[in-house]
Amino acid sequence: MSLWVKTNRFVKTIFPNYIWAIPTDSKEVFLTFDDGPIPEITEWVLHQLEQYNAKATFFCIGNNIQKHPAVFQKVIAQGHAVGNHTFNHLKGWEVSLEDYVENTKKCSVTMVNHHQNSEPGHLFRPPYGKIKPAQAKALRHLGYKIIMWDVISMDFDASVSPEKCLENVLKNVENGSIIVFHDSVKAWKNLEYVLPKTLEFLQEKGFVCSKINEPSPHDGITIAPEPKQ
């Protein structure tokens, strides 16, 4: 599927088993960060969030957790949620079902091994937003909740200016939006500009930045049943 800055409503309709936003009547949004943990960059993100009393969800690459466990533990210690982003940042369209599921499980094992207090939940975001239906179905059967997004900043794209990244977020955010940033070297130039200004804007507009919890009926999220075979 193509990347829209604001995810098309039709896409949300035809993929109802993916979580695109979290319905709420309150001024609450859900910042997410993909591809970490990365020393200095992820730690800078944590500092920015702390200044605004904001919570977020970090979708981590297992290989990065393995290389930088102390940074991963800082994310958890500061009260943020962590999710699975595969062990090797796999593009689902290019790998087999078995390899994709095993790579995701490998990331989960790595998360558990470096999680000091309790086992992390089953929040999962497919790298690049690309996942085959069979892969998604298999992961849901294992208990994973596939978290997509309502707004993507495009901070990872070097052809997009920092100013445009900021506009992408500020013009499209609304109650319940799941917003994607990247705590990666590739995105750093844009992220450094966009994140503080986004946090300032959200605070001025009265938004609360929350982490994504395990979906339940109280979250207003409905996971459509698997079709019968």
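Data block above holds the structure.
The rules behind each value
Residues numbered from 1 in each chain as written. Predicted model: local features only at pLDDT ≥ 70, side-chain atom pairs only at ≥ 80, totals over all residues. Heavy atoms only, no water. Helix = DSSP H or I, 4+ residues; strand = E, 2+ residues; numbered from the N terminus. Contact = heavy atoms within 4.5 Å. Buried < 20%, exposed > 50% of the residue type's maximum accessible area, 1.4 Å probe, protein only. Pairing = 2+ DSSP bridges. Core = buried A, V, L, I, M, F, W, Y, C linked by side-chain atoms within 4.5 Å. Expected span 1.5 Å × (residues − 1). Bend = angle between axes of the 7 residues up to and from the residue. Salt bridge = Lys/Arg side-chain N within 4 Å of Asp/Glu carboxyl O.

Participant: Before we move on, could you go through the environment of Ala138 and cite the residues and values that matter?
Facilitator: Within the secondary structure layout, Ala138 lies in helix H6 (residues 133-141). The sequence separation of Ala138 and Val101 amounts to 37 residues, and the corresponding C-alpha distance is 7.4 Å. Non-local contacts of Ala138, meaning those with residues more than four positions away in its chain, are made with Leu97 and Val101.

Participant: Summarise the pairing of strand S3 (residues 81-84); cite the residues concerned and give the values.
Facilitator: Every second residue of S3 is oriented toward a common face, with Ala81 and Gly83 on one face and Val82 and Asn84 on the other, all of them buried. Sheet topology places strand S2 (residues 56-60) next to S3; 4 bridges connect them, and they run parallel. Within the sheet, the bridge partner assigned to Phe59 lies in S3 and is Gly83.

Participant: So what's going on with the nonpolar core? Which residues, and what values?
Facilitator: Of all hydrophobic cores here, the largest spans 63 residues; its most connected members are Leu31, Phe33, Leu49, Phe58 and Phe181. With near-sequence residues (within four places) excluded, Phe181 lies in contact with Leu31, Thr32, Phe33, Asp34, Ser153, Asp155, Val169, Leu191, Val194, Leu195 and Thr198.

Participant: Can you tell me about the side chain of Gln48, naming the residues and giving the values?
Facilitator: For Gln48, the location among the structural elements is in helix H2 (residues 41-51). Among residues more than four places away in sequence, those in contact with Gln48 are Leu195, Pro196 and Leu199.

Participant: Hey, could you go over helix H8 (residues 188-204) for me, with residue numbers and the actual values?
Facilitator: Spanning 17 residues, H8 covers 24 Å between terminal C-alpha atoms, matching the ideal 24 Å at 1.5 Å per step. A bend of about 25° at Val194 is the largest found in H8, and the proline Pro196 appears one to four places after it. Within the sequence span of H8, burial applies to Asn190, Leu191, Val194, Leu195, Thr198, Leu199, Phe201 and Leu202. Tucked into the core, H8 has its buried residues touching strand S1 (28-34), H2, helix H7 (162-170), strand S7 (178-182) and strand S8 (208-209). Remark: Gly206 follows H8 within two positions and exhibits a positive phi of approximately 85°.

Participant: Kindly report on the pattern of salt bridges, identifying the contributing residues and their values.
Facilitator: For side chains bearing opposite charge, pairing can occur when the charged atoms are close. This structure, assessed with the given rule, holds 9 salt bridges. The partner of Lys6 in a salt bridge is Glu174, and the shortest N-O contact between them spans 2.8 Å. Of this pair, Lys6 sits in the segment before helix H1 (9-14) while Glu174 is found in the loop between H7 and S7, placing the two residues 168 residues apart along the sequence. You can call Lys6 partly exposed: its relative accessible area is 25%.

Participant: If you had to explain the pairing of S7 to someone new, which residues and values would you point to?
Facilitator: Every other side chain in a regular strand lies on the same face of the sheet, so the side chains alternate between the two faces. Among the 5 residues that make up S7, 5 are buried, leaving the element largely enclosed by the rest of the structure. On S7, burial covers both faces: Ile178, Val180 and His182 on one face and Ile179 and Phe181 on the other are all buried. As defined by bridge partners, S1 adjoins S7 across 5 bridges and the pair is classed as parallel. Within S7, the residue paired with Thr32 across the bridge is Val180.

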